[in-house]
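Now for the letters of each chain:
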Amino acid sequence: MRIVAEHLSYTYNPKSPFAAAALKDVSLTIEEGEFFGIIGHTGSGKSTFVQHLNGLIRLPSSLKRYKKPKAKKGQPLPPQPVLTVGTFDLADKKTDFRALRKSVGMVFQYPEYQLFAETVRDDVAFGFKNFADGKPTKEETDAAVRAALAAVGLDYDTYAEQSPFDLSGGQKRRVAIAGVIVTRPEVLVLDEPAAGLDPLGKREVMELLHKLHREWCKTVIVVSHDMDEIAENCTRAAVFSEGTVAAALPPRELFRRADELTALGLDVPLTAKLCAGLMRRGIALDCDFTTEDFIRKVLERAPRRADREPGALPPEGGEA
Amino acid sequence: MTAQSGAAFGRFGLRGGSNMKAIEFCGVSFRYDEESPFAIHKLDFSVEEGEFVAVLGHNGSGKSTLARLSNGLLEADEGEIRVFGTQIARKNLYDVRKNVGVVFQNPDNQTVATIVEDDVAFGAENLGLAREEIGERIRFALQAVGMQQYRTAAVARLSGGQKQRVAIAGVLALKPRAVILDEATAMLDPRGRREIVEVVSRLNREEKITVIMITHFMEEALLADRAVVMNRGEIVMQGAPADIFERQEELITYNLAMPRIGYICNRLRAGGLPVANTLDSETLAEEIARCVS
Amino acid sequence: MKDVSFGQYYPADSFLHRLDPRVKLLFLIAFIVVIFVATNFYGLAVCAAVLIAIILFSRVPVGKVLRSVRGIVFLLLFTAALNVLFHKGDTVYYQKGIICISLEGIIFSVFLALRLVLLVLCSSMLTYTTTPVALTDGVESLLTPLKWIFVPVHALALIMSIALRFIPTLTEETERIKNAQLARGANFESRNLIKKIGAVIPILVPLLLSALRKADELGDAMEARCYTSGVKRTKYKKLTLTWRDLVAVLVCAALIAGVVLTRVFLGAPY
């Protein structure tokens, strides 16, 4: 499903002393099949944008009481916001938002805090039952839960009957993710999926996302603060800043503009820092900013030596 | 090992060899209940006054238990814990906590009051100080964390990093001699994390406050005098951060990862580029440039 | 991110905002008593005059103030209708069974409605111009004498202020959990009551767990900052009276005197 957003704006607490513009005329397209990164400070509008994608925040024109604005004399109407996800038109009142939510799964920050059921099975089955047409049989439900648990690397027979609250932090998060992908959404959105995890947990989550991207969900959208993760994993990334999209580019091009990112107060990946440092010393390195590519490109420049050996295990989140 | 620790402690020699220990664990064991494994097992560990120690470890390695034991929120099953020379006991918890402040993980769950200054005042109020003194301490504490202009702001409107700075100020209002940060950066964004790391290293440098920083962000440990790695309730590695991060294989066995920069150094060396070990990106760029040309 | 403003505090810097919350609380109590002391329209006119002055001095937009009456429109209409229909009077316009519409009835219902409106407006002026925190401080200070009969005023006040402090946090948390369950297809709009109650569980359980976790962590954080029950605490914030409070007291005295005078000298009811 292709996601197209045009002229999206949103203000929290409009018409009050606490009014705060979260999105200002944002336009962004995410192609089907992307592993898309969203970067920005807290409060840059990235969470607000993401919540539009499954209709948790609705466009004004999709609300019942919406009235079409009338053009003032001599002034053309401002461009109307557009948001489509695949065939869903989110600006339309008649859109089936339930069906949309089935196709666009959303994993919030610290998703383990949203677990509620007595057993892992019931919790994962919650979304499946909610979105099913009619009442699914026990076999259908169990099969779906089994598949979803397997996808996040948990064994059904071991965990299905356990209370989710008895699991470890990392396992809880996996269960929560299983509870979202159980409906086999085409688009999976994750807000800071690795927040609060230790290095090993982080690496496991990133590996899990790649697996889901390959096997379950065509498009994966990750909101992240970790620039190294973005550089290693994403096909493209959008930079949100003060409610606007400052750039939406593949990491290879995005991090070449490291100075601009720094000016926005954002980090850049280590590889981009190193490339910039080398550039200042007269060495232009054309790498795509993944750790592996950086190492390869540097070694290509090295004076020839015969005894080159492959490296040890990759660091946190590193993908070979 | 000894040579490394010697280097780490070098700066305290300059201060005239005060060998008062801020925190000292002697054979301490603790478990949350009888059936569960020991969260801390026969631990010997000490922190010099004025030192900045980073405690690393994966989730569940016992590092948070260490923080809670250090200021009497938990009671050791076995062994002795001394804080600035005093052994922790039920009757002196008050004095222990006055000396050792703890900042916790969740920025939303440790402020008591709605307004910043009221929250910072809380600890000082508990000490029964006079109003003028409390006012003075609020001023000092907010200044120390760089939040003086937010004195009358509502806590709920602050960013995560700012909330944690207020939490640090709330601890500083007790005028503690040591501050423990129990994964205080875990829930923050990079900007918030930077704020906290800057604040605590300044406190350590300028106010001479002993800092114990519990974290699983390897990069944050770089500023410390000494890094300690915990696994299964025991200390398994310690030394200067730079030396610790060289021992990649060992770190991996404890479910930790070396900082990405260390990994790149190692890989480049393995590929035949003789770069020196460093944890600073600018230095590494310099090294690469030197080796390549 | 999303701003959760609670209560109806309207931030501004005005004479009223700067008044001591205790004075405002006592003023409100006096105002309510006086409204019931007033037995004729002259008395209410005095009250209304004072209230209008208050509204003008508060810098809260008049529209916003009037909106607070909206909540009681139904109550107003209902009591007015009852009085118009059933209040017995001399100048009868219509009578059938127990229904009796009279001039006196109409005047009386107008009088009652006015009382109610004044009451609501004055109390909302208190909440518009006083933060919940200041209100708690004011209540605590006014209740301090109860300490002598072993009421733990201080602990109660701390509980209240912590509760206030956590309202925005828990509101945000509720919003977050609700969104997460909505994303998993939860349906909170069912008309069926049983389904409606069932739908709340996926929100209630995580919220409860979260609240318990928060309480636990907050308890640790408070203990780590030397809080123990029974500790002899001092208080940093002390409410102090200024010339403004004196002005308010004088206005209050004038109000009481004015209303009493109207009652004594212009005694005829309505």
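Predicted model only: the values in this text are computed from it and were never measured. (Residues numbered from 1 in each chain as written. Chains lettered and ligands numbered in written order. Predicted model: local features only at pLDDT ≥ 70, side-chain atom pairs only at ≥ 80, totals over all residues. Heavy atoms only, no water.)

Let's talk about the overall build of chain C
Turning to step 1, where the next piece is worked out: Along the backbone of chain C there are ten helices and two strands.
Turning to step 2, where the next piece is worked out: Seen in sequence order, chain C has helices and strands lined up from the N terminus as α-α-α-α-α-β-β-α-α-α-α-α.
Turning to step 3, where the next piece is worked out: Taken over the C-alpha trace, chain C has a radius of gyration of 24 Å; the compact-globule value for 270 residues is 18 Å, which it surpasses by more than 25%.
Turning to step 4, where the next piece is worked out: In terms of overall dimensions, chain C has C-alpha extents of about 70 × 55 × 40 Å along its principal axes.
Turning to step 5, where the next piece is worked out: Put simply, chain C has 270 residues, and 38% of those count as buried.
Turning to step 6, where the next piece is worked out: Put simply, of all contacts in chain C between residues at least 6 apart along the chain, 74% involve residues at least 24 apart.
Turning to step 7, where the next piece is worked out: Within the structure as shown, chain C displays about 15,000 Å² of accessible surface, and the carbon and sulfur contribution to it stands at 71%.
Turning to step 8, where the next piece is worked out: Separation of charge centres in chain C, based on 29 positive and 16 negative side chains, amounts to 4 Å. (Helix = DSSP H or I, 4+ residues; strand = E, 2+ residues; numbered from the N terminus. Rg over C-alpha atoms; globule rule 2.2 N^0.38 Å. Buried < 20%, exposed > 50% of the residue type's maximum accessible area, 1.4 Å probe, protein only. Contact = heavy atoms within 4.5 Å. Areas by Shrake-Rupley, 256 points an atom, 1.4 Å probe, with all protein chains shown as cover. Lys, Arg positive; Asp, Glu negative; His and termini not counted. Charge placed at Lys NZ, Arg CZ, Asp CG, Glu CD.)

A closer look at the pairing of strand 1 (residues 21–30) of chain B
Residues and elements named next belong to chain B.
Turning to step 1, where the next piece is worked out: For strand 1 and strand 2 (residues 40–48), the ladder comprises six bridges, and the chain directions are antiparallel. Paired with Val28 across the strands is Leu43, a residue of strand 2.
Turning to step 2, where the next piece is worked out: Relative to strand 4 (residues 78–83), strand 1 runs antiparallel, the two being bridged by five bridges. When the sheet's bridge partners are listed, Glu24 is paired in strand 4 with Arg82. (Pairing = 2+ DSSP bridges.)

A closer look at the pattern of salt bridges
Turning to step 1, where the next piece is worked out: Across all of its chains, the model carries 50 salt bridges over all chains by this definition.
Turning to step 2, where the next piece is worked out: For Glu223 of chain C, the salt bridge goes to Arg97 of chain B, with nearest N and O atoms at 3.3 Å. Taken together, the residues Glu223 of chain C in helix 9 (residues 193–224) and Arg97 of chain B in helix 3 (residues 93–99) connect one chain to another.
Turning to step 3, where the next piece is worked out: We classify Arg97 of chain B as buried; its relative accessible area is 3%.
Turning to step 4, where the next piece is worked out: Of the charged contacts, one joins Arg176 of chain C and Glu173 of chain C as a salt bridge, the two residues approaching to 2.8 Å between their closest N and O atoms. Of this pair, Arg176 of chain C and Glu173 of chain C both sit in helix 8 (residues 153–183), three residues apart, roughly one helical turn.
Turning to step 5, where the next piece is worked out: Overlapping salt bridges, with partners in common, bring together Arg121, Lys138, Asp142 and Glu161 of chain A in one network. (Salt bridge = Lys/Arg side-chain N within 4 Å of Asp/Glu carboxyl O.)

Overview of empty space enclosed by the protein
Empty space among the atoms becomes visible once a probe the size of a water molecule is rolled across them.
Turning to step 1, where the next piece is worked out: In total, this model carries eight cavities of 30 Å³ or more according to the counting rule given.
Turning to step 2, where the next piece is worked out: In this structure, the largest cavity spans a volume of roughly 290 Å³.
Turning to step 3, where the next piece is worked out: Residue assignment for the lining of the largest cavity shows that the elements contributing at least two residues are helix 4 (116–126) of chain B together with helix 7 (132–143) and helix 8 of chain C.
Turning to step 4, where the next piece is worked out: A per-element tally of the lining of the largest cavity places helix 4 of chain B first, with five residues. (1 Å grid on protein atoms, 1.4 Å probe; cavity = no way out; pocket = protein on both sides within 12 Å on 5 of 7 lines; lining within 4 Å. Points joined across faces, edges and corners; volume = space filled by probe spheres on them.)

Section: the nonpolar core
Turning to step 1, where the next piece is worked out: Among the nonpolar cores identified, the biggest contains 131 residues, and Ile181 and Phe294 of chain A together with Ile168, Leu273 and Ile288 of chain B are the most heavily contacted of them.
Turning to step 2, where the next piece is worked out: When residues of this core are assigned to domains, at least three map to each of domain 1 (2–258) and domain 2 (259–293) of chain B.
Turning to step 3, where the next piece is worked out: Core analysis: the second largest hydrophobic core is formed by 43 residues, Leu59, Leu90 and Val189 of chain A together with Ala199 of chain C among them. (Core = buried A, V, L, I, M, F, W, Y, C linked by side-chain atoms within 4.5 Å. Domains from an automatic or database assignment.)

Some details on the environment of His210 of chain A
Turning to step 1, where the next piece is worked out: Mapped onto the fold, His210 of chain A is located in helix 7 (residues 199–215).
Turning to step 2, where the next piece is worked out: Along the backbone, His210 of chain A and Leu8 of chain A are 202 residues apart, and their C-alpha atoms lie at a distance of 29 Å.

Here's the deal with the interface of chain C and chain A
Turning to step 1, where the next piece is worked out: Each partner contributes to the interface: chain C provides 20 residues, whereas chain A provides 25 residues.
Turning to step 2, where the next piece is worked out: For the pair chain C and chain A, the two sides together bury roughly 2,100 Å², of which 66% comes from carbon and sulfur.
Turning to step 3, where the next piece is worked out: The tally of links between chain C and chain A comes to one salt bridge.
Turning to step 4, where the next piece is worked out: A salt bridge links Arg184 of chain C to Asp123 of chain A; its shortest N-O distance comes to 2.8 Å.
Turning to step 5, where the next piece is worked out: Linking chain C with chain A are four residue pairs in polar contact (both at pLDDT 80 or more).
Turning to step 6, where the next piece is worked out: Looking at the side of chain C that touches chain A, the elements with two or more residues in it are helix 8 and helix 9 of chain C.
Turning to step 7, where the next piece is worked out: No other element matches the six residues that helix 9 of chain C contributes to the side of chain C that touches chain A.
Turning to step 8, where the next piece is worked out: Tallied by class, residues from the side of chain C that touches chain A come to twelve nonpolar, four polar and four charged. (Buried area = accessible area lost by both parts, 1.4 Å probe. Polar contact = N/O pair within 3.5 Å; in protein donor to acceptor, adjacent residues only side chain to side chain. Nonpolar A, V, L, I, M, F, W, Y, C, P; charged D, E, K, R; others polar.)

Structural notes on the packing of helix 6 (residues 160–172) of chain B against helix 7 (residues 190–206) of chain B
Residues and elements named next belong to chain B.
Turning to step 1, where the next piece is worked out: Remark: helix 6 packs on helix 7, axes separated minimally by 8 Å, with the N-to-C direction vectors making an angle of 25 degrees. Regarding the angle of helix 6 to helix 7, the classification is roughly parallel. Relative to helix 7, the crossing made by helix 6 is right-handed. When helix 6 is examined against helix 7, the residues Gly161, Gln162, Gln164, Arg165, Ile168 and Leu172 are found in contact with a partner set consisting of Gly192, Glu195, Ile196, Val199, Val200 and Leu203. (Axes fitted to C-alpha atoms, helices over the stretch in contact; angles between N-to-C directions. Parallel < 35°, antiparallel > 145°, perpendicular 65-115°, else oblique. Left-handed = near helix turned anticlockwise from the far one by under 90°.)

Topic: the layout of surface pockets
Turning to step 1, where the next piece is worked out: Of the voids in this model, the second largest pocket is the one considered here, and its volume is about 1,800 Å³.
Turning to step 2, where the next piece is worked out: Lining the second largest pocket are 45 residues, and of these Gly169 of chain A together with Asn59, Gly60, Gln105 and Glu183 of chain B lie nearest its centre.
Turning to step 3, where the next piece is worked out: Elements with a contribution of two residues or more to the lining of the second largest pocket: helix 6 (169–181) and helix 7 of chain A, helix 2 (63–70) of chain B together with helix 9 of chain C.
Turning to step 4, where the next piece is worked out: A per-element tally of the lining of the second largest pocket places helix 9 of chain C first, with six residues.
Turning to step 5, where the next piece is worked out: A per-class count over the lining of the second largest pocket returns 16 nonpolar, 15 polar and 14 charged.

Regarding the sheet that holds strand 1 (residues 3–12) of chain A
Residues and elements named next belong to chain A.
Turning to step 1, where the next piece is worked out: In space, the four strands of this open sheet follow the order 2-1-4-5, with antiparallel pairing throughout. At either margin of the open sheet sits one strand with a lone partner, and together these are strand 2 (20–30) and strand 5 (88–89).
Turning to step 2, where the next piece is worked out: Pairing analysis gives four bridges linking strand 1 to strand 4 (residues 82–85), with the strands arranged antiparallel. Counterpart to Ala5 in the pairing with strand 4 is Leu83.

Structural notes on the sheet that holds strand 3 (residues 35–39) of chain A
Residues and elements named next belong to chain A.
Turning to step 1, where the next piece is worked out: If you trace the six strands from one edge of the open sheet to the other, you get 6-7-8-3-9-10, paired in mixed fashion. If you trace the sheet from one side to the other, it starts and ends with strand 6 (104–107) and strand 10 (244–249), each paired once. Between one strand and the next, the sheet's axes are offset by a mean angle of 15 degrees, whatever the strand orientation.
Turning to step 2, where the next piece is worked out: Strand contacts of helix 7: strand 3, strand 7 (187–191) and strand 8 (219–223), with the helix running at about 135 degrees to strand 3, the strand carrying the most contacts.

Considerations on the pairing of strand 10 of chain A
In the case of a regular strand, side chains alternate between the two sheet surfaces.
All names here are of chain A.
Turning to step 1, where the next piece is worked out: As defined by bridge partners, strand 9 (residues 236–241) adjoins strand 10 across five bridges and the pair is classed as antiparallel. Of the residues in strand 10, the one forming a bridge with Ser241 is Thr244.
Turning to step 2, where the next piece is worked out: Taken together, strand 9 and the strand that follows it, strand 10, pair antiparallel across an intervening segment of two residues, in which Glu242 is found at a positive phi of about 45 degrees.

Observations regarding helix 5 (residues 73–86) of chain C
Three or four residues apart is the spacing at which side chains of an α-helix point the same way, because the helix has 3.6 residues per turn.
All names here are of chain C.
Turning to step 1, where the next piece is worked out: Across its 14 residues, helix 5 extends 20 Å between first and last C-alpha, which sits within 8% of the 20 Å expected from 1.5 Å per residue.
Turning to step 2, where the next piece is worked out: Inspection of helix 5 places Leu76, Ala80 and Asn83 among the buried residues, and these make up the whole buried set. Across the axial projection of helix 5, the buried residues extend over an arc of 65 degrees, all falling on one side. Within helix 5, the exposed residues directed more than 90 degrees away from the buried face are Phe74 and Leu77.
Turning to step 3, where the next piece is worked out: Considering only its buried residues, helix 5 is in contact with helix 4 (62–70) and helix 6 (103–129). (Expected span 1.5 Å × (residues − 1). Arc of directions from axis to C-beta.)

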